[in-house]
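Chain residues, written in single-letter form:
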Amino acid sequence: MPNLELEGKIKAVLPQQSGESARGAWVRQDFVIEYQDGNFPAEACFSAWGQDRVNELNSFGLGASVKVQFNVRAREYQGRWYNDLRPWRISAATGQPAAAPVAAAPVAPAPAVTPQPAASSPAAMELDNDDLPF
């Protein structure tokens, strides 16, 4: 398999998860990297499995520039397929010092929905019934 790697900034670190399986204790922590894809920013979510990878991830803070070397894994569940990006090394991006470690990013609450006033004119009502997405 080719050596897959991605350089970007840590955008989010999700809460650590752990548990017990038939093979013993496990630990996992997901994190999001923002990277440049041509002219536009893109994001990728990785799953750091094992205490060594989680410790490696936690040595960097939010906004740190990192290089992630990873493998792609796929699994089937109830007829659907899911991909995992599993890092095997997380290091500082070339020429970038590691940022101070930071705890997992808090999850922002969903914005409140403000009710819209009812349409009063026939033209406004016609626009509200338009199914076009633009």
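Predicted, not measured: the structure shown is a model, and the values here were computed from it.

Participant: Could you clarify how one ought to interpret unusual backbone geometry in this entry?
Facilitator: Of all residues except glycine, most have a negative phi; of all peptide bonds, most are trans. Residue Q78 is not a glycine yet carries a positive backbone phi of 50 degrees. Mapped onto the secondary structure, Q78 falls in the loop between strand 5 (65-77) and strand 6 (80-92).

Participant: Can you help me understand the nonpolar core in this one?
Facilitator: The tendency in soluble globular proteins is for nonpolar side chains to be buried as a group. Core analysis: the biggest nonpolar cluster contains 19 residues, and I10, F31, I33, F46, V66 and V68 have the highest contact counts within it. Of all elements in the fold, only strand 1 (4-13), strand 3 (24-37), strand 4 (40-49), helix 1 (51-58) and strand 5 reach the threshold of two or more residues within this core. Those residues in contact with F46, other than ones at most four positions away along the chain, are L6, Q29, D30, F31, I33, V68, F70, L85 and P87.

Participant: I'm lost on the pattern of salt bridges in this one. Help?
Facilitator: For side chains of opposite charge, pairing can occur when their charged atoms come near one another. Inspection of every chain in the model, using the stated rule, returns six salt bridges. The partner of R53 in a salt bridge is E56, and the shortest N-O contact between them spans 2.8 Å. Of this pair, R53 and E56 both sit in helix 1, three residues apart, roughly one helical turn. Accessibility expressed as a relative area gives 22% for R53, which makes it partly exposed. Between R86 and D84 there is a salt bridge, and its shortest N-O distance comes to 3.4 Å.

Participant: Would you explain the side chain of D84 in this entry?
Facilitator: Within the element layout of this structure, D84 appears in strand 6. A polar side-chain atom of D84 sits 3.2 Å from a polar atom in the side chain of R75. Once residues within four sequence positions are removed from consideration, D84 is found in contact with S47, N71, V72, R73 and R75.

Participant: What is the right way to read the pairing of strand 4 from this model?
Facilitator: It is a general feature of regular strands that their side chains alternate between the two faces of the sheet. With ten bridges joining them, strand 3 and strand 4 adopt antiparallel strand pairing. Looking at strand 4, one finds that V32 is bridged to C45. Between strand 3 and the antiparallel strand that follows it, strand 4, lie two residues; G38 among them carries a positive phi value of about 75 degrees.

Definitions and cut-offs
Residues numbered from 1 in each chain as written. Predicted model: local features only at pLDDT ≥ 70, side-chain atom pairs only at ≥ 80, totals over all residues. Heavy atoms only, no water. Helix = DSSP H or I, 4+ residues; strand = E, 2+ residues; numbered from the N terminus. Core = buried A, V, L, I, M, F, W, Y, C linked by side-chain atoms within 4.5 Å. Buried < 20%, exposed > 50% of the residue type's maximum accessible area, 1.4 Å probe, protein only. Contact = heavy atoms within 4.5 Å. Salt bridge = Lys/Arg side-chain N within 4 Å of Asp/Glu carboxyl O. Polar contact = N/O pair within 3.5 Å; in protein donor to acceptor, adjacent residues only side chain to side chain. Pairing = 2+ DSSP bridges.

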